[in-house]
Amino acid sequence: MPDSLSRDNPKIIRTGKRTTKGINKDDILITGSMDIPFIALTVALLTIGLIMLFSASYPYAYYNNNHDSYYYFTRQFIFTIVGLVAMFVMSKINYKWLKVIVVPLLAFTVLCLVIVLFYHTNVGGADGGNFKRWIPLPGGFTFQPSDLAKFTIILTFASYISDYYGKMKKFKYGILYPLGIIAVFCGLIFLEHHMSCTILMFLIGATMMWIGGSDWKLFAFGLAVLVLVIFMVITFPDLLENYAGTRIRAWLDKDFEPTGSRWQTNNSLYAIGSGGLFGVGLGNSKQKYLYVSEPQNDFIFSIVCEELGFIGAAVIILLFAALVARGFVIASRCHDKFGALIVIGIVAQVGIQVGLNILVVTDTIPNTGIALPFFSYGGTAMMMLLFEIGVVLSVSRKASQKKV
């Protein structure tokens with residue numbers, strides 16, 4: 001950025017004159033106004049999510065954590081505070097500096113995804129899944145690398161596409177290289193026995209490719225291949241590993257293992273049906289009393305439906321839709337492709353994840369174990385999500401400044 005531009009724009013804090021990869025060090029911190037609708041929607045979803053987490057989790061927490069009904073809520077509240085600090089700090093930093101750390105972050109994320117395959121908490125499932133998703137940390141905490149990977153793949157694609165946007169119609173740049181990036185992430189996460197995140201990572205990458213300008217004909221061919229693979233997997237569930245194949249069979253056959261693989265889904269449907277139009281009232285769910293397995297996690301939306309009813313659930317869905325839509329508005333106002341792509345990737349992640357979670361909870365697709373943003377318990381997920389919101393707010397600050 002020329003010095004004259006820095007002087008003309010009082011919203012930029014000057015800190016130096018050298019440049020790094022085309023980014024002026026005068027442009028480290030920005031003080032433009034944040035996008036108020038986006039932050040308001042975030043606060044609304046976060047507040048409702050914390051309230052519903054406590055309501056859904058206290059019976060399970062009391063039973064499984066030495067009669068401490070506040071166990072999950074307290075920890076989630078701490079994670080939220082840390083995440084909010086990270087969000088506001090990131091919102092003050094120029095998002096363009098993220099491009100400088102793309103390669104180190106990519107290397108670190110891949111390293112973590114490899115480490116978790118060999119050093120992880122031992123979590124097994126009734127359906128035969130040996131889940132390798134969490135790296136144990138001191139103090140009883142854990143770190144889930146796949147949550148970091150969601151942001152890393154968004155940042156990687158945003159940087160890549162902004163650099164090679166003019167070549168994205170070519171097979172090598174628009175299809176081959178991006179699919180290679182997706183394959184690395186999806187392959188490592190699949191080895192964790194984390195099918196839901198594998199699907200999510202693929203969809204995030206595919207969305208970024210589509211927005212980035214990959215040839216639609218090749219894209220359509222890839223989509224046809226994907227549909228064929230899905231058809232084969234549904235027709236022959238044994239093609240997948242034991243736990244994934246079992247979940248597909250449980251989805252196809254509603255009488256399959258009612259006290260095993262279908263237990264969580266069946267009780268989720270009972271909860272949703274019990275809620276009716278207006279719900280049974282906040283705190284009055286019956287299914288959270290050890291019927292819906294771990295209601296504080298992937299199936300929290302079923303408790304939301306039971307307590308708040310169809311009306312309450314619809315309002316929450318509309319809030320998520322508004323958040324995603326507002327993100328696209330921010331992206332459309334951004335002055336450069338890198339920032340716009342980051343915002344699109346982040347809100348696409350939120351939208352896809354919400355959609356998949358609701359489809360699972362309603363038994364529309366097989367149980368893949370995917371969290372509901374702002375609602376489901378999880379420290380790494382909450383902190384990373386709020387950090388990503390901070391990135392969007394940073395872009396919104398920059399977008400609010402008039403281009404000189």
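In this text, all values refer to a predicted model and were calculated from it rather than measured experimentally.

A. Molecular detail of a nonpolar patch on the surface. A cluster of nonpolar side chains, contributed by L111, V114, I115, F118 and Y119, occupies part of the molecular surface with about 510 Å² of accessible area. Checked against the element boundaries, L111 lands in helix α4 (residues 102-118). Classification of L111 as partly exposed rests on a relative accessible area of 48%.

B. How the structure looks around the pattern of salt bridges. The tally for this structure, following the rule as stated, stands at six salt bridges. One salt bridge connects K150 with D147, and the closest N-O pair in it is separated by 3.1 Å. Of this pair, K150 and D147 both sit in helix α5 (residues 145-164), separated by three residues, roughly a single helical turn. For the pair formed by K150 and D147, the shared burial category is buried. Through salt bridges with shared partners, a single network forms among K254, R262 and D363.

C. Representation of the packing of aromatic side chains in the model. Using the criterion set out here, one finds 15 aromatic pairs in the structure. Between F54 and Y70 the ring centres are 5.2 Å apart and the planes differ by 20°, which places this aromatic pair in the stacked class. You can see F54 sitting in helix α2 (residues 36-64) and its partner Y70 sitting in the loop between α2 and α3 (71-92), a full 16 residues away along the chain. Its relative accessible area of 48% is what places Y70 among the partly exposed residues. The interplanar angle of 35° and the centroid separation of 5.0 Å between the aromatic rings of Y160 and Y164 together place this pair among those described as tilted. Placement of the pair is Y160 and Y164 together in helix α5, with a separation of four residues, close to one helical turn. Taking relative accessible area as the criterion, Y160 reaches 12% and is therefore assigned buried. Every member of this aromatic cluster is reached through a ring pair, and the members are F54, Y58, Y70, F73 and F77.

Calculation notes
Residues numbered from 1 in each chain as written. Predicted model: local features only at pLDDT ≥ 70, side-chain atom pairs only at ≥ 80, totals over all residues. Heavy atoms only, no water. Patch = residues over 30% accessible without salt bridge, like charges linked within 9 Å, V, L, I, M, F, W, Y side chains within 5 Å. Areas by Shrake-Rupley, 256 points an atom, 1.4 Å probe, with all protein chains shown as cover. Salt bridge = Lys/Arg side-chain N within 4 Å of Asp/Glu carboxyl O. Helix = DSSP H or I, 4+ residues; strand = E, 2+ residues; numbered from the N terminus. Buried < 20%, exposed > 50% of the residue type's maximum accessible area, 1.4 Å probe, protein only. Phe/Tyr/Trp six-rings, centres within 6.5 Å; stacked < 30°, edge-to-face > 60°.

Keep in mind that these numbers describe shape and distance, not what the molecule does.
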